[in-house]
Every structure is written in structure tokens, then in C-alpha cells.
Amino acid sequence: MVNLDLFSSHELVKSVTVRYRVPYFTQWGQSLIVCGSEPFLGSWNVKKGILMVPSHQHEELIWYGTVTIPVGVVCEYSYYVVDDNKNVVRSEGGKKRKLLLPDGVQSGEILELHDLWQTGLDGLPFTSAFKDVIFHKSWDFDVESLPESVKNKSDGDPLIVRFKICCPSVEKETSICVIGSSPKLGRWKVQDGVTLSYAGESIWQADCVMQKDDFPIRYRYCKYSKQGNVSVEIGGNREVSVDLTTNKARYIILSDGMMREMPWRGAGVSVPMFSVRSEADLGVGEFLDLKLLVDWAVASGFHLVQLLPVNDTSVNQMWWDSYPYSSLSVFALHPLYLRVQSLSENIPEDVKIEIQKARELLNGEAVDYEATMETKLSIAKKIFNLEKSSIFKSSSFCKFFSENEEWLKPYAAFCFLRDFFETSDHSEWGRYSCYSRDKLEKLVSESSVHYDIIRFYYYIQFHLHLQLSEAAAYARKKQVVLKGDLPIGVDRNSVDTWVYPNLFRMNTATGAPPDYFAKNGQNWGFPTYNWEEMSKDNYGWWRGRLTQMSKYFTAYRIDHILGFFRIWEMPDHAITGLVGKFRPSIPLSQDELEREGIWDFDRLSHPYIRLEILQDKFGPSWVVIASTFMNEYQKNHFEFKEEYNTEKKIALKLKSCQNLFMESEDIIKSGLFDLLQNIVLIKDPEDAKNFYPRFNLEDTSSFKDLDEHSKNILKRLYYDYYFHRQESLWRQNALKTLPAILNSSNMLACGEDLGLIPSCVHPVMQELGLIGLRIQRMPSEPDLEFGIPSQYPYMTVCAPSCHDCSTLRAWWEEDEERRFKFFKTAVGSDKVPPKECVPEIAHFILRQHVESPSMWAIFPLQDLLALKKKYTTRPAPEETINDPTNPKHYWRYRVHVTIETLIEDKEHISIIKDLVSGSGRSYPPSEEVTSNATVTSTPLKQVHGHEQNAATKKILEVV
């Protein structure tokens, strides 16, 4: 018998029953769980969440879950797909849902939540790019209360339905309403519909008392303005049906997701920071130049400016450091982009004269990286010495230092030690080779004799922060998204590998397998990541990087997003990128190979070098080359000597004996590398019983000399390894790493998904709300030679070219055969196309992209300059930013006209703006387009078909 005295001093907790309902199709063996922030929802432990029950209703699979919760509780929750062991297979995208019980709900009542599964797309309007920049004027509404008459009305046996919709873009003096089949919803008349109240965070809602006869209810949401403009959401009618004879719910909350409008689409410009030219810069683009670039972007109708990485790369202190993806520090900004004349208001006259002379001297066609760095640092030191005492006492510096000292101190110490030891290779720093907090604090202490050197690096980073912050704030004010770039790797001689060596696999190198960019693969030289170690603090190093980036950028590009699924890994003694393997990946075990009848592992995993191969490759010189680099271990069979059995050893030897051979060093090196790579299987250096098939193994003479049985077995295993075997592993790997990174900032994330794309990549990107990349001449569809912009998915950035390939003009002129094919495919003409990319050709190709369904059309500045004849006088190859086939490429391209000139060129701006405004894409307010203007999107199939035909005719007239 229950002892009622136990409750005599306690009031019983009032509670209500909440019934969760969400339609979602799962695969066999999968279920849905609702999990949230409170103990009754599992406290975010999915295994303790509420397992939902499915029910087939017409053509839908509806999942239900029920829980009793205390009245007055506010909590968050999300839905998860799990397997039979409650392991998470898939999570919802978007923001966490909030459960706030309606006012007036009574203990014992039933509340039903009608939710829709959220995709990654649902979260995009809440990223800083949209919320704080593009739509920021739409988030300025006052939160309203629901009318009391609705809350308390209780005629008969009513059911209170809350209509709830998310609409992130609402113009001033515009309201949201719901109209529908019920008399309560105006019988589809907007003037008689129910007006929704703003509930904050872009959510609009209204409560409506319904009776049994009202159901089923068909309805839609719409916008209407004081001027009488009405915009009804697209798609079919929404519907809610409730059987009141069995359903005893008192409240139904319809969380209807996003208002269904034509998808928002915008345009942007991309240009490396170093390539920008202005009247004020010293030989290179500077952060403050971004303000002018933003002005030009707004005038041209662009909502976005995209940059390459802007982190410090001064590892070697020479022109090699022009490579922007080899970070010295993932937190420090590059001194290259400092505007020295803005360091102080009291610069002495002699320094001003020096600055003016430097501007004239450095104002060349291309960036002189070394001279520019040396000049800027020299001038900055003179100004630093004049005002250092006042700067370091300022409240602004003290605030900056306290917020950044975790990375700033190691960075300054590293730069000091780099200069002292004349190398960034910290393994050569003696007692400082191994980083420790105690050693760091002594190095940077105020009592040290070199404290001014340390403080100089603080000073430079402080002013870089101020200048980039000023430019970033200006871009936000002008409703322009500033998009940064997150490099996939760091230099092996960097601050990060010094401070966090456990996070990196220092005996390896990162790269990419052969693709459109490089037929022999790429070797970037970065150490691969120790993901297992990184996971121990939930990827804190990555989260710190994103937090730092978000101080300046509202969107970012994830460089080589495939690396978060798997990375192409080589030993650190490799120079090329051909003989690598994926990490992680499931290898071919020795047992597996033996079961298939493969036994001779030494033959398959060692360079296959026979006499006839040597003679064919080197001709008469084979004797000298073989005697230098190889041993003949049996008649007519050779192997590399141990001192020359890696690419780096061979390269080093060739440099020391340049006059020994008749052929050039490059020819011999290429031939010897080919022999080193003449293998079929790569032996795992950490487990000799595991093997990986060499990329393109069928191209090797080692493979061609095998018996047919072995060939067939190895071909089958090869295709399984590269295209099937790893998919589940790579998906799981990405779903471990990417969410932690994406959730660490509020920036809009785009992924560079070019190259050999595993089939799991695009579904994961879609699930996480990641925007992909489409380059027309590098289509992701294997059966196409050229991408078709009109068929691109919405969740993409489309571009005619990028920094890793030739510009539109250069591509048009460099390959006559492909030019003919493109002209026939895209223009539909058998005529001979012009040899040069005339403005009409550029206009045609850019129009294809701007009218695509892609969320963003982003154009390299060089391709936009091609729209006007006067900007095409420079040889096209000089406009290429990077040659991926050259690991020592000099990144030095500068735009040959200043931003000021482009701003003054109204004709060129008008050409670009006509492209954007005629495509249904949104554009930011400018002098011509005020903030009150309404830009409406047009269905893609209706966009200016006659103009497209006219553009085609114009090209043919030029031909």
C-alpha cells in the first residue's frame, strides 16, 4: 500500500503528454529516435532518447513518439535515424528544435507536434552569411505576443492549431499569413486569412481554434505588403488531418519548416588577396583594399567576394612562400596584406617618402613577393619603434592580446626562433625542438633581451586584425558576404606541428591522386592528420581555426573536402603524388590475396625493372644510369640501391652529379621515378601483411607482364578498392569529423569537391547542408566532357574557372580541339569558333552560369574582365593564378587595372549588372537599387530564353 504521507509536504508536478509526429522514410533495420536537452528526452544521449513507432498512412511513413513532460519546461530536441543498436546513421540538419508549451496548457492535456524532417538546407538561412549579411534587414522585427482572445477561446470542444513557419527574408511593411480551405483561414482569400505574429529567429506563428468540421484542412502561407503585393508559396497545398474521435489532443503545433519560395540565388566575384591592385597598395593587394572591392561588387550586382587563404605562409622566407595553402600558422594573418601607412597617424616625413618610393618600385605587372615582404616589414619596424610603448598600453591591444594569446605567443616565439636558427625546421632548434609551455613563457617573457622582437610580431598581427576587421565590417554593412578559404593542410615546418605534434603524422605527406589537374597526382607535402588523436577533445584544433576565421568571414570554402572523407597519403620521402594510398581505407590483406591465388608479393610490391625496360627508357645511357643507381640482383633483373630507393634520394643524387650523364637532369629523374613507380601493390609501411593497389596499375609494365589470371584478379580488386570497398568507412569518417567543424562557427560552408569523387560524398554533403562546386570544363558526371550549368543542383557554386586552372580566356585559346567541341556542344554550331575568347564568347559562357539553378554563381575577376575588349590586351596565360602540376609555382598574378579604375568604368559595371539582374539572382542595394527595392526570382525555365537565343546569334555573327 502506498504511503500518501510521503507526498504531504510536496506539491504534485503538473505535466502534459507530448506526442511527436514526423514523416520520414527509412531503410530496413532503421528507426527514428527523438532526443533532446532534458532527461526525459535523453539529455542528448541518443541511446536514451525516445524510440519512435512507425505507421503507414496513405503513401507516407509516419513516426510517433510519446513522452510526459512537466508544465513550464522549455527544451530543445532533434530527430535521429538509428540502426538496430541505436547507433546514429543520420542526424537532422538545421537548428535544434525548441519545445515551448503554449500559454494556458493545462496539466493532463495532450499536445501533438507535427514536424518535418530538417535537411542541411533548412539551416542555411541561419548562417551568418544570410542572417547577418544578406537578410540582416529582415531580422529586425519586434517579437509579438499571440492575441489573448485566441489563447483563451474554448467554445464547444475545440482543438487549437498553431501554424508555424520559418521565413528568413521578409521586407519591411510585409506580413505573413496563412490561408486555406477552412472558413477560419479565409477560404483562400488573403484578406480573410490569419495573420501570423513574429516569434523571433525568423519564425512566424499564429494560433487558430478549429472544430471537428474544419478537418481536413488544406492551406498555404503567403506574404503580403501594405502596397497590396501578394506572394503565395509555391508547391502543392499543405494539409493537416485529425480524427477527433480517436485523437484527444488539445493542441497541435504545425512546424512547417521553411516557407516555400523560389530558392534564393546570388552571384559573387573571386580574386586572391595578393592579386588585387589599388592606388594605395605597396606591390600587393591589402586588406583595406577590400572596402573598394566591396564597393565595386555592390555596383556590379554581387553579393559575395571570395578570397584565397590569408594566413601567414612565411616558412622559407622566399618566393616559395607565395603558395597560400601552406600555412605557417592557421591562426596568424599574413603580414603581406598589411597597409603600412595605416599603422599610425604620426608617420615621419622620411618614412612617408620611403613608402612612396616603395609604391613606385613595387608597382609591377606581377607580385614581387620577397621584395614586398622585406619592404613592408622594414617600414613597419620603423613605425613600431616610434609608437610601441603607447600601442601596448592601449585597451584595444590588451583586449586583442587576451583573446588571442593562446596562439599569438607560440606564433611570435616560432617567428623569433625561425629567424634565429635561420630555418623553420624546428627539428634543428636544439633544446627548442620540442615545444613546452615553460620554454615558451621564458622565450616571450618581458625580461628577455629579445622581447622587442617578440612584441613586433604581436604588433603586426594586431594591426592586421584591425585592418581585416574594418574591411569585414564594411562588407557586412554593404550586404556583401566575405568568403574565406580553409586550407586542408599545414606546412610540416609550422607553428601548429611544433606546438601540436601529436595531431599530425609527420612521416607522411598529403596530396591527391591523378585527376584533371595533374596526371601523376599531386604531392602537397603537408603531413596527414592524426584524426584519432584529434577526436579526443572533439577536434578542438579545428574548432579553434573556424572560430578564428568567423571573426572576419561570413562564408568559407573547405579546401579539398574529400580529405575529410579520406586523404591521399604518401611517405614523406615521396616527391610526386602517384604512389599513394587512401587513409583511412580497408587494405587488401595477404590472406585475402592468397585466397584469390596471388602469391608473389615481392614481385608485385617492388619496382619491376628488367633489362629491356632500362634500354627502352634510357637508350645507350642505360649502362651508366643502371651502374649508378641499381644492382643487378639476377640476370637482366635490377633493383635500386638502398641509397637511391626513394624519389628524394634520387633527386638529391642527381643534383650532386649533374655532369655525369648526357641527358638532362629532368629526363633522368622522370625516367627513374617511372621505374620506382613501376609496381602493382603498395606495401603498408606499418603492417607488412597489408597491401594497396597502385593507382592506374594497368598502365604499368609490371602489370602488363603478369599472367591473365593474375591480371583479372588484380583488376577486380583494384576497382573494388577504389570504387566500392571504402564507401561506408569514408561516410562514417566524414560524419565524425565534419559536423564538429561545421558546428563550431555560424559561417556558410562550401566544399571544394573536385577530383575523384566517392559516391558517398554528395549524399553526405547534402545531409550536412554543404554547398558543392561545379566547374564547367571539369564535370562531375563521367559521361560528359562539359558540365551543363542549366542542370546543376541548387546546392552548388558554379564557376567557369577557378584558381587551380587556366582562366576562361586562356582555356579557350590553349586547346583548339576542346574549343571546337565546346562550341558545337554549347553553342550548337559547326562553324569554326574564334581563336580568341572575344567578349561575346565570355558573355555567352557567363550567362550560362548566372542563369543556372546553383545557389551561387561566382566568377574569377579575370573572367569578368574578359567581358570588355580593353581588359583583354594582356596575354591570357599571364592571368593564370596557379599551375597545379608545378609544386614550386610562383603565385604572383596581379590584376593589371586598379579597383578605382573598375569602379569608374560604368560601362563594364553595366555589362556585369545586366547579366546578374536579368537572371533572377538577388543583388545587394546600391545607389540604383535601394534597400526598399524588392527583387523577385523568376522560374528558371522562364528566364530570358529570347535573350539566350539573341546571345547565341550574336556569337555566330562574330564568327
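Please read all numbers here as calculations on a predicted model, not as lab measurements.

Trainee: Got a minute to help me understand the packing of aromatic side chains in this structure?
Mentor: Under the criterion given, the structure shown has 70 aromatic pairs. Ring geometry for phenylalanine 421 and tryptophan 429: centres 6.2 Å apart, planes at 20 degrees, overall stacked. With relative accessibility at 28%, the residue phenylalanine 421 sits in the partly exposed group. The exposure class of tryptophan 429 is buried, given its relative accessible area of 1%. Here the aromatic rings of tyrosine 718 and tyrosine 719 are separated by 5.2 Å at their centres, their planes lie at 85 degrees, and the arrangement is edge-to-face. The lysine or arginine in question, arginine 250, covers the ring of tyrosine 251, its NZ or CZ lying 5.7 Å from the ring centre.

Trainee: What is the right way to look at the nonpolar core in this model?
Mentor: Within soluble globular proteins, side chains that are nonpolar generally end up buried alongside one another. Counting 181 residues, the largest nonpolar core has Trp296, Phe302, Trp541, Trp542 and Tyr556 as its most contacted members. Excluding residues that lie within four positions of it along the chain, tryptophan 542 makes contacts with Leu486, Ile488, Tyr529, Trp531, Met534, Phe564 and Ile741. Formed by 29 residues, the second largest nonpolar core is a distinct cluster that contains Val16, Met52, Tyr77 and Val81.

Trainee: Before we go on, may I ask you to explain the packing of helix α24 (residues 839–850) against helix α27 (residues 906–917) in this structure?
Mentor: How two helices pack is summed up by the angle between their axes together with the distance between the axes. Orientation of α24 relative to α27, taken along the N-to-C sense of each, is 35 degrees, at an axis distance of 9 Å. Of the two possible hands of crossing, α24 and α27 adopt the one that is right-handed. Facing α24, whose interface residues are His843, Leu846, Arg847 and Val850, α27 presents Ile911, Leu915 and Val916. A class-by-class count of the residues in the contact of α24 with α27 yields five nonpolar, one polar and one charged.

Trainee: How should the confidence of the model for the protein be read in this particular structure?
Mentor: Close reading of the predicted structure is inappropriate where its pLDDT is low. The pLDDT averaged across the protein works out to 91; a share of 93% of its residues lies at or above 70. Below pLDDT 50 for its whole length, residues 1–10 participates in two contacts with residues either more than four positions away or in separate chains. pLDDT under 50 marks residues 928–947. Its contacts with residues more than four places away, or in other chains, come to 31 contacts.

Trainee: Just checking my understanding: could you explain unusual backbone geometry for this structure?
Mentor: Generally, phi is negative for residues other than glycine and the peptide bonds are trans, each holding for most cases. Cis geometry marks the peptide bond from phenylalanine 215 to proline 216; its omega dihedral reads -5 degrees. Relative to the assigned elements, proline 216 resides in the loop between β14 (203–210) and β15 (217–225). With a phi angle near 55 degrees, glutamine 317 is a residue other than glycine that sits in the positive phi range. On the basis of relative accessibility, which here comes to 46%, the residue glutamine 317 falls in the partly exposed class.

Trainee: Hey, could you run me through the sheet that holds strand β34 (residues 687–693) in this one?
Mentor: Hydrogen bonds along the backbone pair up the strands of a sheet, which may run parallel or antiparallel. Spatially, β29-β34-β33 is the arrangement adopted by the three strands of the open sheet, whose pairing is antiparallel. The sheet terminates laterally at β29 (588–589) and β33 (681–684), the two strands that pair on one side only. Of the pairings in the sheet, the one linking β33 to β34 comprises four bridges and is antiparallel in character. If you follow lysine 683 over to β34, its bridge partner there is phenylalanine 691. Helix-sheet contacts for helix α19 (residues 708–723) involve β29, β33 and β34, and the interaxial angle to β34 is about 90 degrees.

Cut-off values and rules
Residues numbered from 1 in each chain as written. Predicted model: local features only at pLDDT ≥ 70, side-chain atom pairs only at ≥ 80, totals over all residues. Heavy atoms only, no water. Phe/Tyr/Trp six-rings, centres within 6.5 Å; stacked < 30°, edge-to-face > 60°. Buried < 20%, exposed > 50% of the residue type's maximum accessible area, 1.4 Å probe, protein only. Lys NZ or Arg CZ within 6 Å of the ring centre and 35° of its normal. Core = buried A, V, L, I, M, F, W, Y, C linked by side-chain atoms within 4.5 Å. Contact = heavy atoms within 4.5 Å. Axes fitted to C-alpha atoms, helices over the stretch in contact; angles between N-to-C directions. Helix = DSSP H or I, 4+ residues; strand = E, 2+ residues; numbered from the N terminus. Left-handed = near helix turned anticlockwise from the far one by under 90°. Nonpolar A, V, L, I, M, F, W, Y, C, P; charged D, E, K, R; others polar. pLDDT = per-residue confidence, 0-100. Pairing = 2+ DSSP bridges.

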